[in-house]
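A look at the structure
One-letter residues, chain by chain:
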Amino acid sequence: MRILRYLIIFLTTVFITGCKDSPNQKVEPNPISEGNVAPFKLNYAEGFELISQENLKILKVINPWPNADKTYNYALIPKTDAAAFTFNESEFDGVILTPIETVVITSTTHIPALELLGVEKSLIGFPGTDYISSKKTRALIDTEKIRELGKNEGINTEVLLDLQPEAVVAFGVEGTNKSLNTVQKSGIPIIYNGDWVEKTPLAKAEWIKFFGILFNKEKQADSIFNQIENNYKEAQKLAVKAKNQPTVLCGAMYKDVWYLPSGTSPEAQYLKDANVNYLWSETQGKGSLALSFEVVFEKAKNAELWLSPSYYTSLEAMEKGNQHYKEFEAFKNKEVYSFSNTTGKTGGVLYYELGIARPDLVLKDMIKICHPDVLEDYETTFFKRLE
């Protein structure tokens, strides 16, 4: 499932696939602080909601994957009051005793939420630990606090059942993972997370509140998200002051098709908020556009910047992949930028882990690349110029 997810990201976003052939480096962003906040609420995310029903809280996951035909309902019961609750469990897709203290997650995008909430030690199993970049969580892996669970599409159920986590937070494509079905039948609740399906960067980041609910850290999650949101909006205000809007090309060829984001995608939203002239900003549609090389070249051969050229980690690799790439002005001027070289020590791509949780850092990267004078002293977190 991990490889499948990378392929999905390739086909649906500008920041198009991952690569593990990268330097052993990791950029550590500044931590988010805590603070006093208002009661739990959602401002952007549409894929989940929290409903209070007498003494029972219900977590509803509405859209865990594109075109999902079912809403998943989870009953949340405080551990201190569990003995007093009586209700029909068959009405729910899972019963969660909160706060959960041990968890298995299945996507690297969930790692930052655990760390920001200070509950990373609750993680006891993960499929594909080499994909994890964070130094903090890697230290837990290295000391065998987190067990390897194999591949996401074929989780080692024997190990997982031996761990007996209180919940498994799953990344789903169609809800057909046989391994997870086996786990659920054993009595361990499977909770689907659909952060990647959201339509805007801030909506995706707001899923930290999903984890706040599970760990009884709703106020802390709200506080953290508020700071990320404020950082994002402040960066957006700085970008508006830029004097020019450089033209931008995104993506690259995959087989015979050039995939790049539609003008209504979350990736195009980043470019809009960074105040650039994305050449396909007026297009409509979900996810990616699928175009021919000729169509892209005609429109973008003189683009000033080229962002996220698929999995390539150097200009030389790009030229070997397709000799026609060198005909673009951005390639000739070495104005090509990618996140593929920013990885953890075992090769996991940092953007695939931290990018969803920290859209403020992604936007600042865009602004730094497109308007260097606006964030003069800023060093990018994810994107680097290809050499």
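Reading the values: rules and limits
- Here, residues in each chain are numbered from 1, in the same order as that chain's written sequence.
- With the structure being a predicted model, the display of local features is reserved for residues of pLDDT at least 70 and the display and counting of side-chain atom pairs for 80 or more, all residues being used for whole-chain, interface and lining totals.
- Values shown for side chains rest on all heavy atoms present in the structure; no hydrogens or waters enter the calculation.
- Orientation is described by lines fitted to C-alpha atoms, with helices fitted over the stretch in contact, and by angles between N-to-C directions that extend from 0 to 180 degrees.
- For helices the rule is a DSSP run of H or I covering at least 4 residues; for strands it is a run of E covering at least 2, with both sets numbered from the N terminus onward.
- Under this scheme an angle from 65 to 115 degrees is roughly perpendicular, one under 35 degrees roughly parallel, and one over 145 degrees roughly antiparallel; angles in between are oblique.
- The handedness criterion is simple: a crossing whose near helix is rotated anticlockwise from the far helix by less than a right angle is left-handed, and one whose near helix is rotated clockwise is right-handed.
- Residue contacts are defined here by distance: any two heavy atoms, one from each residue, within 4.5 Å place the two residues in contact.
- The salt bridge definition used is simple: a Lys or Arg side-chain nitrogen within 4 Å of an Asp or Glu carboxyl oxygen.
- Relative accessibility under 20% of the residue-type maximum defines a buried residue, over 50% an exposed one, and the middle range a partly exposed one, all with a 1.4 Å probe and only protein chains included.
- Along the arc lie the directions from the helix axis toward the C-beta atoms.
- Pairing of aromatic side chains here covers Phe, Tyr and the six-membered ring of Trp, requires ring centres within 6.5 Å, and sorts the geometry by plane angle: under 30 degrees stacked, over 60 edge-to-face, intermediate tilted.

Here we take up the packing of helix α9 (residues 266-273) against helix α14 (residues 359-370). Orientation of α9 relative to α14, taken along the N-to-C sense of each, is 55 degrees, at an axis distance of 9 Å. Overall, the two elements α9 and α14 adopt an arrangement that is oblique. Both α9 and α14 take part in a crossing whose hand is right-handed. Residues Y270, L271 and D273 of α9 form the contact with α14, whose own contacting residues are P359, V362, L363 and M366.

So, about the pattern of salt bridges. Per the counting criterion, the structure on display carries 16 salt bridges. Between K199 and E46 there is a salt bridge, with the nearest N and O atoms lying 3.9 Å from each other. Of the two residues, K199 sits in the loop between β11 (190-193) and α6 (201-205) while E46 sits in the loop between α1 (2-12) and β1 (48-53), which places them 153 residues apart along the sequence. Its relative accessible area of 55% is what places K199 among the exposed residues. Among the ionic pairs, K204 bridges to E267, the shortest N-O distance being 4.0 Å. Here K204, found in helix α6, pairs with E267, found in helix α9; they are 63 residues apart in sequence, far enough to count as distant. In this structure, a network of salt bridges that share partners links the residues K79, E101 and E166.

Another point: unusual backbone geometry. The omega angle of the peptide bond from T98 to P99 is -5 degrees, so this bond is cis rather than trans. Considering the arrangement of structural elements, one finds P99 in the loop between β4 (94-98) and β5 (103-105). For K255, which is not glycine, the phi dihedral falls at a positive 60 degrees. Topologically, K255 is positioned in the loop between β13 (252-254) and β14 (257-261). The exposure class of K255 is exposed, given its relative accessible area of 71%. Positive phi outside glycine occurs at K334, with the angle close to 55 degrees. Structurally, K334 can be placed in the loop between α12 (329-332) and β18 (336-338). Take K334: its relative accessible area is 47%, and that puts it in the partly exposed class.

Topologically, K364 is positioned in helix α14. The spacing of K364 and Y270 is 94 residues in sequence and 9.6 Å in space, taken between C-alpha atoms.

Let's shift gears to helix α5 (residues 178-185). Those residues of α5 that sit buried are S179, L180 and V183. In a view along the axis of α5, the buried residues occupy a sector of 95 degrees, so they form one face of it. In this structure, α5 carries K178 and K185 as exposed residues pointing more than 90 degrees from its buried face. Looking at the buried residues of α5, the elements they touch are β9 (154-155), α4 (157-163), β10 (167-171) and β11.

Now for the packing of aromatic side chains. By the definition in use, this model includes 29 aromatic pairs. An angle of 85 degrees between the planes, with centres 5.9 Å apart, marks the rings of F48 and F210 as edge-to-face. Of the two residues, F48 is situated in strand β1 and F210 in helix α7 (residues 208-214); the sequence distance between them amounts to 162 residues. Measuring from ring centre to ring centre gives 5.1 Å for F210 and F211, while their planes differ by 80 degrees; the resulting arrangement is edge-to-face. You'll find F210 and F211 in the same group, each marked buried. These aromatic residues form a ring-pair network of at least three members: W258, F293, F297, W306, Y311, Y312, Y325 and F328.

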